[in-house]
Amino acid sequence: MFSLIPRAFHPAARAGARFARPSLAVAAAAATRAYHPKVIEHYTNPRNVGSLDKQSKDVGTGIVGAPACGDVIKLQIQVDDKTGIIENVKFKTFGCGSAIASSSYMTELVHGMSIDDAAKIKNTEIAKELSLPPVKLHCSMLAEDAIKAAIKDYKTKRSATTLH
């Protein structure tokens, strides 16, 4: 039985129940699911965390989520209107270590890129860089969806301001 409640305070412990120790097979399975060092680095030291002014015409905001796991990514880009280059990028992610790492890596990747090049980034590039296991590929897909949503929002704002 695994629990986040310390054994001394667990209701079953107070009732006198004995806890079984995890088997070696369970411990080995947990060890194989450990995060890759690149994921740990981006999770413990995330880059470009924060927010930009979403009302600004040169800022695009993408908010995406995965209902199945509860991960949500907000990614914002600030684009130079003349050159189309991403000058600043920020993110906030609510989710697992892989989702945070995917978001952080995406911000490093797109900073200084044109929006056209940033729109071509595929989740496989993120997954490969972070060595994500198949069960965590949805995190890299969210990061891809977030940059595309931010670019779409920026282009929508830009076309709305040029029409007036």
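Relevant structure appears above.
In this report, we go over the structure that sits alongside the text. Because the structure is predicted, anything quoted here is derived from the model rather than measured.

Considering the nonpolar core
In this structure, Leu 75, Ile 77, Ile 86, Met 106, Val 110 and Ile 147 are the most contacted members of the largest nonpolar core, which totals 30 residues. Looking at this core, the elements with two or more residues in it are β1 (59–66), β2 (71–79), β3 (86–94), α4 (97–110), α5 (115–118), α6 (123–130) and α7 (137–163). When residues of this core are assigned to their parent elements, the largest contribution, seven residues, is made by α7. Setting aside its immediate chain neighbours within four residues, Leu 75 contacts Gly 60, Thr 61, Gly 62, Val 89, Lys 90, Phe 91, Met 106, Thr 107, Ala 146, Ile 147 and Ala 150.

Digging into the pairing of β3
Pairing geometry for β2 and β3, over eight bridges, is antiparallel. Note on β3: the bridge partner recorded for Ile 73 is Thr 93. The turn linking β2 back onto β3 is made up of six residues, and Gly 84 within it adopts a positive phi angle of 75°.

Brief notes about α6
If you check which residues of α6 are buried, you get Asn 123, Ile 126, Ala 127 and Leu 130. Projected down its long axis, α6 shows its buried positions confined to an angular sector of 95°, all on one face. Away from its buried face by more than 90 degrees, α6 exposes Thr 124 and Lys 128. Phi turns positive, to about 55°, at Ser 131, one or two residues after α6.

What to know about the pattern of salt bridges
According to the stated counting rule, one finds seven salt bridges in the structure shown. In this structure, Lys 148 and Glu 144 form a salt bridge, with 2.7 Å as the shortest nitrogen-oxygen distance. Of this pair, Lys 148 and Glu 144 both sit in helix α7, separated by four residues, roughly a single helical turn. Relative accessible area serves as the criterion here: at 10%, Glu 144 is assigned to the buried category. A cluster of three or more residues bridged by salt bridges with shared partners is formed by Glu 41, Arg 47 and Glu 108.

Examining the side chain of Thr 93
Structurally, Thr 93 can be placed in strand β3. Judged by relative accessible area, which is 18%, Thr 93 ranks as buried. Among the polar contacts listed, one links the side chain of Thr 93 to the side chain of Ser 103, at a separation of 2.7 Å. Dropping the residues within four chain positions of it, Thr 93 is found in contact with Val 72, Ile 73, Ala 99, Ile 100 and Ser 103.

Each value, and the rule that gives it
- Each chain has its residues counted from 1, running along the sequence as written.
- Local features in this predicted model are restricted to residues of pLDDT 70 or higher, and side-chain atom pairs are both shown and tallied only at a pLDDT of 80 or more, whereas totals for entire chains, interfaces and linings draw on every residue.
- Calculated side-chain values reflect all of the structure's heavy atoms, with hydrogen atoms and water omitted.
- The term nonpolar core refers to a set of buried residues drawn from Ala, Val, Leu, Ile, Met, Phe, Trp, Tyr and Cys, joined through side-chain atoms within 4.5 Å.
- Only protein chains enter the accessibility calculation, which uses a 1.4 Å probe; a residue is then buried when its area is under 20% of its type maximum, exposed when over 50%, and partly exposed in between.
- The way it works is that DSSP assigns letters per residue, a run of H or I at least four long becomes a helix, a run of E at least two long becomes a strand, and they are numbered from the N terminus.
- Contacts between residues were defined by any pair of non-hydrogen atoms, one from each residue, lying within 4.5 Å.
- When DSSP locates at least two bridges between a pair of strands, those strands are taken to pair.
- Regarding the arc, it is the one traced by the directions from the helix axis to the C-beta atoms.
- By definition here, a salt bridge exists when the distance from a side-chain nitrogen of Lys or Arg to a carboxyl oxygen of Asp or Glu is within 4 Å.
- A 3.5 Å cut-off defines polar contacts: any pair of N or O atoms within that distance qualifies, except that in protein one atom must be a possible hydrogen donor and the other a possible acceptor, and neighbouring residues in sequence count only when both atoms are side-chain atoms.

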